[in-house]
Amino acid sequence: MTSKDAGNQERDKYVDWLRALSLVVVVVWHWAFTILVWKPHGPEPTSPLGFTSGLWILTWLLQVLPLFFYVGGHVHLLSWHRAKQRGVGIGSFVWRRIRALALPALFLSGVWVAIGSAVTFTFQVDWMWRVVLLVLSPLWFLGVYLVLIALLPVALWLHQRYDVLTLIWLGGAALVVDVVRFRYGVDWVGWLNMIIVWGLAHQAGFFYDRIVALPRRYDVALLWTGLFALFGLVYSGIYPGSMVGVPGDKWSNMAPPTFVIVALLLFQIGLVEVLRPAMERVLERPGWRRVNDFINRYALPLFLFHTTGMAISLGLSWWLLGTLGSTIPPDGEWWIERPIAIIGPLICTAPVIYLFGRRRTPITRRRNEEIGGSVGSEHG
């Protein structure tokens, strides 16, 4: 029985897979495709997309944060329904979610701030703060996620009162923000889309069960709607083609997010639903089931500590080999090395996870569920 059967009460392995995939793709992207340039003021990251032609199209598949927020919204709704049945109030529910997610992020941030302070004042290394910033910068979306959790009572009320109209209003608001930003040059207003666009993706997760239950032709319709919207918006000349920031572009579709991310969300929801039947068959195999469980167990600790491992790997490379940074622009040898570029950061991240992220205490289990983790699919 697949998750398209309305009466299925079993754990939705496909949700687990999407959650793990979205986090692992972000980690691998950072490890393999971050070009670190060493300048007088310290390390500065850049992207190979700024030195290539046409590869930005891959970001339509590899920029998976819309999918992450979508799955997170679905998990929050299920978790709230279960908590409500146990008599838990919405305030207590939200607070436990915020605490479970914020504590490990604050712990990691505190450790790196302490390291940055110690190195800066002991060795007078001013660029150490840039290292701290680079290590902690991927946690930005956890901050957005915490805000969305805090706004969960409002999101639930809107969903119950206005249903799908909420998505339409959020999409319209994101488009209005872009008009004011790009047509009238009010740049600061774009940051409102950090909540509006990601809030839309999170709110869309409330409709997960209904989307899953739709006939397959609607899955294909979603995919093509998102794809045509992406082509129309990107080739309008207003928006960049890449779904990540690229040096040289007028602006980024991600910082802050633009209406293009709404189109990307539609495309990715349609894509994962089209792929659902095949992937559910794959995930039923014992070997893949174990792989899925293993990845889900370590996906969040991997994300939290992956830049720490990357920093350790780069430090060891500089200490042992005297090399740090990359050649600009990247040459053929650099591209050939991409599959093995993740080995050093992976080896250096593993012991950090072993020391700080491997124990599955009750808080850890709740944190995994909070971030979109291993939960059952509850229908009705």
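Residues numbered from 1 in each chain as written. Predicted model: local features only at pLDDT ≥ 70, side-chain atom pairs only at ≥ 80, totals over all residues. Heavy atoms only, no water.

An unreviewed UniProt entry lists the protein chain under the name Acyltransferase-like protein, from Nonomuraea polychroma.

Draft legend 1. Seen up close, the overall build of the protein chain. A count of helical and extended segments in the protein chain gives 17 helices and 2 strands. At a minimum sequence separation of 6, the contacts of the protein chain that also span at least 24 residues come to 80%. Approximately 18,400 Å² of the protein chain is accessible, and the part contributed by carbon and sulfur atoms is 68%. (Helix = DSSP H or I, 4+ residues; strand = E, 2+ residues; numbered from the N terminus. Contact = heavy atoms within 4.5 Å. Areas by Shrake-Rupley, 256 points an atom, 1.4 Å probe, with all protein chains shown as cover.)

Draft legend 2. Structural detail: the pairing of strand E1 (residues 35-39). Bridge count for E1 against strand E2 (residues 42-46) is 5 bridges, and the pairing is antiparallel. Its bridge partner lying in E2, Ile35 is registered against Thr46. Remark: 2 residues form the turn of the hairpin made by E1 and E2, two consecutive strands paired antiparallel. (Pairing = 2+ DSSP bridges.)

Draft legend 3. Here's a closer look at the confidence of the model for the protein chain. The predicted model of the protein chain has a mean per-residue pLDDT of 87, with 89% of residues at 70 or higher. A low-confidence stretch, residues 360-367 stays under pLDDT 50, and its non-local contacts, those more than four residues away or across chains, total 10 contacts. Below a pLDDT of 50 lies the segment residues 369-380, which in the model reaches 55 contacts outside its immediate sequence neighbourhood of four places, other chains included. (pLDDT = per-residue confidence, 0-100.)

Draft legend 4. Up close: the pattern of salt bridges. Tallied over the full model, the rule gives 6 salt bridges. Ionic pairing is found between Glu284 and Lys13, a salt bridge with its closest N-O pair at 4.0 Å. Within this pair, whereas Glu284 is found in the loop between helix H12 (260-283) and helix H13 (286-321), its partner Lys13 is found in helix H1 (residues 13-33), the two being separated by 271 residues in sequence. Linking Arg276 and Glu280 is a salt bridge whose minimum nitrogen-to-oxygen distance equals 3.3 Å. Highlighted residues: Arg276 and Glu280, both in helix H12, separated by 4 residues, approximately one helical turn. Judged by its relative accessible area of 0%, Arg276 is buried. Overlapping salt bridges, with partners in common, bring together Lys13, Glu284 and Arg289 in one network. (Salt bridge = Lys/Arg side-chain N within 4 Å of Asp/Glu carboxyl O. Buried < 20%, exposed > 50% of the residue type's maximum accessible area, 1.4 Å probe, protein only.)

Draft legend 5. The arrangement of a nonpolar patch on the surface in detail. Together, Leu55, Ile57, Leu58, Leu61, Leu62, Phe231 and Tyr235 line one region of the surface with nonpolar side chains, adding up to about 610 Å² of accessible area. Mapped onto the elements, Leu62 comes out in helix H2 (residues 59-62). For Leu62, a relative accessible area of 35% corresponds to the partly exposed category. (Patch = residues over 30% accessible without salt bridge, like charges linked within 9 Å, V, L, I, M, F, W, Y side chains within 5 Å.)

Draft legend 6. Local environment of the side chain of His202. Looking at the secondary structure, you find His202 in helix H9 (residues 193-204). You can call His202 buried: its relative accessible area is 2%.

Draft legend 7. A look at helix H16 (residues 343-356). With 14 residues, H16 should reach 20 Å at 1.5 Å per residue; the first-to-last C-alpha distance of 20 Å fits that figure. Regarding H16, the residues found buried are Pro345, Cys348, Thr349, Val352 and Ile353. Where H16 is buried, its residues touch H1, H13 and helix H15 (338-341). (Expected span 1.5 Å × (residues − 1).)

Draft legend 8. Inspection of unusual backbone geometry at higher detail. Note that the residue after Ala255, namely Pro256, is joined by a cis bond; omega there is -5 degrees. Within the secondary structure, Pro256 is located in the loop between helix H11 (216-234) and H12. You will see that Gln124, though not glycine, has its phi angle at about 55 degrees, which is positive. As for its position among the elements, Gln124 is in the loop between helix H4 (90-123) and helix H5 (128-136). Given the relative accessible area of 58%, Gln124 is considered exposed. At Asp163, a position not held by glycine, the phi torsion is positive, near 55 degrees. Inspection of the secondary structure assignment puts Asp163 in the loop between helix H7 (152-162) and helix H8 (165-183). On the basis of relative accessible area, Asp163 is assigned to the partly exposed category, the value being 26%.

Draft legend 9. Expanded view of the packing of aromatic side chains. Throughout the structure, instances matching the rule amount to 25 aromatic pairs. Between Trp29 and Phe33, the ring centres sit 5.3 Å apart and the planes meet at 50 degrees, which makes this aromatic pair tilted. One end of the pair, Trp29, and the other, Phe33, are both in helix H1, 4 residues apart, so they sit about a helical turn from each other. Take Trp29: its relative accessible area is 19%, and that puts it in the buried class. For Phe33, a relative accessible area of 22% puts it in the partly exposed group. Both rings, one in Phe231 and one in Tyr235, keep their centres 5.9 Å apart while their planes meet at 10 degrees; by these two values the pair is stacked. An aromatic cluster of three or more residues is present, and its members are Phe68, Phe69, Trp140, Phe141, Tyr145, Trp198 and Phe303. Here the guanidinium or amino end of Arg183 rests over the ring plane of Tyr184, the centre of that ring lying 5.2 Å away. One cation-aromatic arrangement involves Arg338 over Trp334; the distance from NZ or CZ to the ring centre is 3.8 Å. (Phe/Tyr/Trp six-rings, centres within 6.5 Å; stacked < 30°, edge-to-face > 60°. Lys NZ or Arg CZ within 6 Å of the ring centre and 35° of its normal.)

Draft legend 10. Molecular detail of the nonpolar core. Among the nonpolar cores identified, the biggest contains 92 residues, and Phe69, Tyr70 and Trp198 are the most heavily contacted of them. In terms of residues, this core owes the most to one element, H12, which gives 12 residues. Contacts of Trp198, omitting those with residues within four sequence positions, involve Leu65, Pro66, Phe69, Trp140, Val144, Leu148, Asn193, Met254, Pro257 and Ile261. (Core = buried A, V, L, I, M, F, W, Y, C linked by side-chain atoms within 4.5 Å.)

Draft legend 11. Inspection of the packing of H13 against H16 at higher detail. Interhelical geometry of H13 versus H16 gives an angle of 125 degrees and a closest axis separation of 7 Å. For the element pair H13 / H16, the angle class is oblique. The two elements H13 and H16 cross, and the hand of that crossing is right-handed. Across the interface between the two elements, Tyr298, Pro301, Leu302, Phe305, His306, Thr308, Gly309, Met310, Ile312, Ser313 and Leu316 from H13 touch Gly344, Pro345, Cys348, Thr349, Val352, Ile353 and Phe356 from H16. Looking at the contact of H13 with H16 residue by residue, the classes come out as 12 nonpolar, 6 polar and no charged. (Axes fitted to C-alpha atoms, helices over the stretch in contact; angles between N-to-C directions. Parallel < 35°, antiparallel > 145°, perpendicular 65-115°, else oblique. Left-handed = near helix turned anticlockwise from the far one by under 90°. Nonpolar A, V, L, I, M, F, W, Y, C, P; charged D, E, K, R; others polar.)

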